[in-house]
Amino acid sequence: MKKYLALITILVVSAAAFAQGGTELRGRVTDEHNASIAGAEVRLRSRAGGELSTMSDDNGAYIFTNVTPGEYVLEIRANGFASSAGRVTVKRGQSVKSDMRL
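Residues numbered from 1 in each chain as written. Predicted model: local features only at pLDDT ≥ 70, side-chain atom pairs only at ≥ 80, totals over all residues. Heavy atoms only, no water.

Caption draft 1: Structural context of the sheet that holds strand β3 (residues 51–55). Reading across the sheet, the four strands line up as β3-β2-β5-β6 and stay open at both edges, with antiparallel pairing between neighbours. Single-partner strands in this sheet number two, and they are β3 and β6 (84–90). Strand-to-strand twist in this sheet, taken as the mean axis angle between neighbours without regard to direction, amounts to 20°. Where strand β5 (residues 70–77) lies against β6, seven bridges are found, and the strand directions are antiparallel. When the bridges of β6 are listed, L74 appears paired with G86. (Pairing = 2+ DSSP bridges. Helix = DSSP H or I, 4+ residues; strand = E, 2+ residues; numbered from the N terminus. Axes fitted to C-alpha atoms, helices over the stretch in contact; angles between N-to-C directions.)

Shown next, in the form of structure tokens:
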């Protein structure tokens, strides 16, 4: 019985992960000369008030995985630059690219 319960649990968790469809938001943070900005703070805020955050890597790249479909505000901040924000819509199973310039 425990084996069946474990198998059912694995199937349910796998189905939930698959249902999200690998939805992601990725992009690159650059300056006005298209140079990468490493260490920029990247925030993704939903209308419902939820927030995710990450930092850009050495190439200015950032990624959010398993993003719930919906409308968001994407905000970028980095020392020495004015912050930048924009709206982005993520749909189920979609990989969205949103490059931002500071």
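Caption draft 2: Just unusual backbone geometry, in detail. Even without a glycine there, the phi angle at N34 is positive, about 70°. Mapped onto the secondary structure, N34 falls in the loop between β1 (24–30) and β2 (41–46). With a phi close to 50°, N66 is a non-glycine residue in the positive phi region. For N66, a relative accessible area of 46% gives the class partly exposed. (Buried < 20%, exposed > 50% of the residue type's maximum accessible area, 1.4 Å probe, protein only.)

Caption draft 3: A look at the nonpolar core. Ranked by internal contacts, the top residues of the largest apolar core, which has 18 residues, are L25, V29, L44, F64, L74 and I76. Listed by contribution, the elements that provide at least two residues to this core are β1, β2, β4 (61–65), β5 and β6. For this core, the element with the most residues is β5, which contributes three residues. Residues contacting L44, with those up to four places away along its chain left out, are L25, G50, E51, L52, F64, V67, Y72, V73, L74 and V88. (Core = buried A, V, L, I, M, F, W, Y, C linked by side-chain atoms within 4.5 Å. Contact = heavy atoms within 4.5 Å.)

The values reported here are purely geometric and, on their own, carry no functional implication.
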